[in-house]
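Listed below are the residues making up each chain.
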Amino acid sequence: MEKQKLVVIGNGMAGARTVEDILTRGGDKQFEITMFGDEPSGNYNRILLSQVLNGSRDVREIFLHPQEWYAWNGIKLHAGVRVTQINREAKTVTGDNGQTVPYDKLLIATGSRPFVPPMEGLKLEDDTPKPGIFVFRTLEDCRRIAGYANKCNKVAVIGGGLLGLEAARGLLNFGCEVHVVHLMERLMDMQLDAEGAKILQTAMANMGVKVHLEKVTSAILGDDMVTGLQFKDGSVLDCDMVVISCGVRPNVELAKECGLSVERAIVVDDKMRSVDDENVYVVGECAQHRGKVYGLVAPLWEQGAVLADQITGTKPESIYEGSKISTKLKVLGVELASWGQTQASQEDDEIVSYAEPKHGIYKKLVIRDDQLIGGILMGDLTKASELMPAFDRGSLLPEDRSSLLFDTGAPVKRYSMLEMPDEAPVCQCNGVNKGTIRKCVLAGAKTMSGIMSKTRAGTGCGSCKSLVREIGEWANEGHLAE
């Protein structure tokens, strides 16, 4: 049977992972695959860019799919080629190299780009970018920031979210005085409440990062290069370099131009298809499903798996119903898990919390009708492997709430490895679930290093390593070597 032509626009984490899922379902026998990617390389783990910036990882360590992988799998990769047009009537895409490629099925995985808020002084008088201003999104951004930081004394990072804080930590390694400027009243306002953010801010201060909250940057000062920031309240912060990390915006221009429905992002159905065209699939940060756009990697992996099921026909009943949001990561070296609602929103919501600010420990659970609807763990994630599955499955909680946060000695129902489903996420950085680790061990990986090498589990932020080890020991009858 003649293969169909599958064209993929986007070679980032979502696009490449979805193609990998398609291949594992026999897609190489169904499709002739062509991929376009803006960057002149294979696919890498964007989550680990901060570790490249701070020098704790070599660039080669973060690649998920080197260019050889595409050739090995018979994929035609147009690296460094941006698609400029989708012609849905002719079923073709055209790149900025002038090449036009036909498709039977099209996958749009264009991701997102950094949002740069409106402010004066972003460019020179000749309309070229002002030297010393950077965004932090790509490997090339990382290289440029590192090159410029070597000659700077004082750096300002605009944005107190996860990526901004990681950029700040990386910049400390260059001997710079680092300042974080944030619009909101607390850091990481999407993942933390006020008390947790205050503890994190104290940890940052101990590392030497200075934080400026509730500051609106109105201008970047300097005639020929960056000399400082001007704030809306009239105050000024001197600096000779600025890194902007104020969130992202989905790349939807191609979709709009070819007539697909776009709201916040490209509107898709439960099969991850455009609502306008059954031959066009969408995945990742450029997809809007049931009114939601997801920026974390775990939902992207879930979307990609459903898309692969659908496009290959291996599981036509598979649908995407949305994702429960949870994160498990390291921020400035501090382990953090956050999921669901981190604030009470109904009168009967129950809050269970514990804080030990001196040691950077904070624990908070939000409970409704004896079910966990949200929580924060910072500085001590020993209970995360029990609490996060309880959140995912809506399990009823024990009456002894203290046992949820501490080992009290009381008989507590623990979630055994048998109860934990194979689909349960373990390593969110690399999209590895329990079943993948179990199968890896059964296939012969009897060491922690072997599991990490073959599955990539634990090679991201590292916060999941204890759970990876626990699953490995269980799968190997209680034993696992280093």
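Quick notes on the rules
- Residues numbered from 1 in each chain as written.
- Predicted model: local features only at pLDDT ≥ 70, side-chain atom pairs only at ≥ 80, totals over all residues.
- Heavy atoms only, no water.
- Phe/Tyr/Trp six-rings, centres within 6.5 Å; stacked < 30°, edge-to-face > 60°.
- Helix = DSSP H or I, 4+ residues; strand = E, 2+ residues; numbered from the N terminus.
- Buried < 20%, exposed > 50% of the residue type's maximum accessible area, 1.4 Å probe, protein only.
- Lys NZ or Arg CZ within 6 Å of the ring centre and 35° of its normal.
- Core = buried A, V, L, I, M, F, W, Y, C linked by side-chain atoms within 4.5 Å.
- Contact = heavy atoms within 4.5 Å.
- Pairing = 2+ DSSP bridges.
- Axes fitted to C-alpha atoms, helices over the stretch in contact; angles between N-to-C directions.

### Some details on the packing of aromatic side chains
Next, step 1: Counted according to the given criterion, the structure contains 5 aromatic pairs.
Next, step 2: Between Tyr 294 and Tyr 320, the ring centres sit 6.2 Å apart and the planes meet at 80°, which makes this aromatic pair edge-to-face. Placement of the pair is Tyr 294 in the loop between β23 (287-289) and α9 (297-312) and Tyr 320 in the loop between α9 and β24 (326-331), with a sequence separation of 26 residues.
Next, step 3: We classify Tyr 320 as buried; its relative accessible area is 2%.
Next, step 4: Both rings, one in Tyr 354 and one in Phe 406, keep their centres 5.1 Å apart while their planes meet at 90°; by these two values the pair is edge-to-face. Residue Tyr 354 is located in strand β26 (residues 350-356), and its partner Phe 406 is located in the loop between α11 (402-405) and β29 (425-427); the two are separated by 52 residues in the primary sequence.
Next, step 5: For Tyr 354, a relative accessible area of 31% translates into the label partly exposed.
Next, step 6: Judged by its relative accessible area of 32%, Phe 406 falls in the partly exposed class.
Next, step 7: We note Arg 17 situated over the ring of Trp 301; from NZ or CZ to the ring centre the distance is 4.7 Å.
Next, step 8: When the ring centre of Phe 115 is taken as reference, the NZ or CZ atom of Arg 249 above it lies at 3.8 Å.

### Points about the nonpolar core
Next, step 1: Ranked by internal contacts, the top residues of the largest apolar core, which has 65 residues, are Leu 165, Leu 171, Met 241 and Val 243.
Next, step 2: The contacts of Val 243, once residues within four sequence positions are left out, are Phe 134, Phe 136, Ile 145, Val 155, Ala 156, Val 157, Ile 158, Ala 167 and Leu 171.
Next, step 3: With 49 residues, the next largest nonpolar core counts Val 252, Ile 266, Val 268 and Ala 287 among its residues.

### What to know about the sheet that holds strand β16 (residues 228-231)
Next, step 1: Read from one edge of the open sheet, 3 strands run β15-β16-β17, paired in antiparallel fashion. Of all the strands in the sheet, just β15 (217-221) and β17 (236-238) have a single pairing partner and so form its edges. Strand-to-strand twist in this sheet, taken as the mean axis angle between neighbours without regard to direction, amounts to 20°.
Next, step 2: As paired strands, β16 and β17 are joined by 3 bridges and run antiparallel to one another. If you follow Leu 229 over to β17, its bridge partner there is Leu 237.

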